[in-house]
Amino acid sequence: MMEDDAVWASLPVPALLLDEDDNIVAINPAAEGFLNTSSKSINGQKVWEKVMIDSPLEDAFERARKTSSPLFVNDVDVGTGERAPLHCNLQIAPMAGQPGHMMFLISPRELAGRLTQDHTVKSAAKSAIGMAEMLAHEIKNPLAGITGAAQLLSMNLSAQDQELTDLIVAESRRIVKLLEQVEQFGNLTLPDMRPVNIHDVLDRARRSALLGFGAQMKIIEDYDPSLPMALGDPDQLLQVVLNLLKNASEAAGSAGGTIRLHTFFEHSFRLRRSDGEGRALPLQIEIIDDGPGLPPDIAGDIFDPFVSGRENGTGLGLALVSKIMSDHDGWISVTSVPGKTVFRLSLPMVKPKKAKSATAKSAKAKSSKES
Ligand SMILES: Nc1ncnc2c1ncn2[C@@H]1O[C@H](COP(=O)(O)OP(=O)(O)O)[C@@H](O)[C@H]1O
Ligand SMILES: [Mg+2]
């Protein structure tokens, strides 16, 4: 039984145990948090008075109890009477060995979404990158020596043997390229935050893509002209957009495809942090391509360093993007199906200056108050 208690207490989702009359018999610590109550004070009360669900599921619930079968309900609003209802999935299952008793699990979808969408660079990834930076530095010098020696050697070799030294040189170059990307992380300073016109950044990225790696692509501008200035580091944001355009172009391949740059304002977009503080990120930039979509086997890990779905990929492009976005206190998310992949960047806006509406008089009044 000891073990059962531990399992119950460790369940990371709110769980309630109900008797045959829908009275609450026990709740786990996660449920205490969710319902903002203690096990002691809630036990014995009717579940439907404490947990409000916006869809009529009593019938289905009774059926599940009668037939001793589990019941899954997705996407319902669950309220507690005290705070705004949360979007949840419910899992309801008959309790083995206790006829009529039901176990009731509530998974807030918001939590599920956050957990899988949290692409800020995790600490494990951070230390992997730190290690790689050190190695990159250490490997570059000897590698230059190896390349140089191979080039010297090749001068006195037959054509056949030269193929081998060419291989050494070519592969060394590839390694140097990889190392340079790793070093980009090390060189990344904290963003120099200032007002940025996102459309300027997108234009620069678009032009440079069309001249280089994205020459086979069509890049459409779909801008909200009234978008306010963002708060960010223009050079770093350019890097972010370039990396995303590059990936989209590479996914499309030589046949080409279409990328849409979509900007819009979403007033209600907030990033909730673990400390409970919210931060408004109303500026939205979507980079949408019509390519094959993320490879399903790596789709959940693409923001991690060294995860790549391409033959010659380094898996560092999106890791850098994610680092920059997290340094900006911004947000990145992705949705992808074949034919439509959307990377969305969410950024803070520059606070509108109050001075504009303030008259000289009130400005004076304010300054005298301050002095
Ligand atoms: N727009 C996209 N369409 C399809 N797959 C993508 C797209 N963007 C990224 N990916 C996938 O994510 C992987 C990781 O991207 P990235 O971190 O830039 O590394 P790399 O480009 O070096 O492979 C890519 O290899 C690719 O498989
Ligand atoms: Mg890339």
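Note: the structure precedes this text.
Keep in mind that what you see is a predicted model, and the values were worked out from it rather than measured.

**Student:** Help me understand unusual backbone geometry in this model?
**Tutor:** Among all residues save glycine, negative phi is the norm, and among peptide bonds the norm is trans. Within the chain, asparagine 36 stands out as a residue other than glycine whose phi angle is a positive 50°. Structurally, the position occupied by asparagine 36 is in the loop between helix H2 (29–35) and helix H3 (39–42). Notably, aspartate 329 is not glycine yet its phi reads approximately 60°, a positive angle. Of note, aspartate 329 is situated in the loop between helix H11 (317–327) and strand S14 (331–337). Residue aspartate 329 is classed as partly exposed on the basis of its relative accessible area of 32%.

**Student:** What am I meant to see in the sheet that holds strand S1 (residues 15–18) here?
**Tutor:** Sheet strands associate in pairs through backbone hydrogen bonding, adopting either a parallel or an antiparallel arrangement. Taken in spatial order, the six strands line up as S2-S1-S6-S5-S4-S3 in an open sheet, and their pairing is antiparallel. Whereas interior strands pair on both sides, the edge strands pair on one side only; in this sheet they are strand S2 (24–27) and strand S3 (52–53). Examined bridge by bridge, strand S4 (residues 71–79) and strand S5 (residues 86–94) share six bridges and lie antiparallel to one another. Across the sheet, residue valine 78 finds its bridge partner in S5, namely leucine 86. Each of S1, S4, S5 and strand S6 (102–108) is contacted by helix H5 (residues 58–67), which is oriented at about 135° to S6, the strand it contacts most.

**Student:** I would appreciate a short explanation of the site of ligand 1 in the present structure.
**Tutor:** Taken together, 21 residues lie near ligand 1, and Asp289, Ser308, Gly309, Thr314 and Leu318 sit nearest. The side chain of arginine 310 places a nitrogen or oxygen atom 2.9 Å from an oxygen atom of ligand 1. Between glycine 317 and ligand 1, the recorded distance is 3.4 Å, taken from a backbone N or O atom to an oxygen atom. If you map ligand 1 onto the pockets, it falls in the largest pocket. Residue assignment for the shell around ligand 1 shows that the elements contributing at least two residues are helix H10 (234–252), H11 and strand S15 (340–347). No other element matches H10, which puts three residues into the shell around ligand 1.

**Student:** Would you mind showing me how to read the layout of surface pockets here?
**Tutor:** A probe matching the size of a water molecule, rolled over the atoms, marks out where space remains unfilled. Considering only enclosed or pocket space, the largest pocket measures out at about 1,100 Å³ in volume. What lines the largest pocket is a set of 39 residues, and nearest its centre among them are Asn247, Glu250, Arg310, Gly313 and Thr314. Broken down by secondary-structure element, the contributors of at least two residues to the lining of the largest pocket are helix H8 (159–187), H10, H11 and S15. When its residues are assigned to classes, the lining of the largest pocket shows 17 nonpolar, 15 polar and seven charged.

**Student:** What am I meant to see in the sheet that holds strand S8 (residues 217–222) here?
**Tutor:** Reading across the sheet, the five strands line up as S8-S10-S13-S15-S14 and stay open at both edges, with mixed pairing between neighbours. The sheet is open, and its two borders are formed by S8 and S14, each paired with just one other strand. The average angle at which neighbouring strand axes cross in this sheet is 15°, direction not considered. Where strand S13 (residues 283–289) and S15 come together, seven bridges link them in antiparallel fashion. In the sheet register, isoleucine 285 faces S15, and the bridge partner there is leucine 345. On the sheet, helix H9 (residues 198–211) packs against S8, strand S10 (257–265), S13 and S15 and is oriented at approximately 170° with respect to S8. Contacts from H11 reach S14 and S15, with the element oriented near 30° to S15.

Criteria and thresholds
Residues numbered from 1 in each chain as written. Chains lettered and ligands numbered in written order. Predicted model: local features only at pLDDT ≥ 70, side-chain atom pairs only at ≥ 80, totals over all residues. Heavy atoms only, no water. Helix = DSSP H or I, 4+ residues; strand = E, 2+ residues; numbered from the N terminus. Buried < 20%, exposed > 50% of the residue type's maximum accessible area, 1.4 Å probe, protein only. Pairing = 2+ DSSP bridges. Contact = heavy atoms within 4.5 Å. Axes fitted to C-alpha atoms, helices over the stretch in contact; angles between N-to-C directions. Near = heavy atom within 4 Å. Polar contact = N/O pair within 3.5 Å; in protein donor to acceptor, adjacent residues only side chain to side chain. 1 Å grid on protein atoms, 1.4 Å probe; cavity = no way out; pocket = protein on both sides within 12 Å on 5 of 7 lines; lining within 4 Å. Sits in = over half its atoms within 2 Å of the grid points. Points joined across faces, edges and corners; volume = space filled by probe spheres on them. Nonpolar A, V, L, I, M, F, W, Y, C, P; charged D, E, K, R; others polar.

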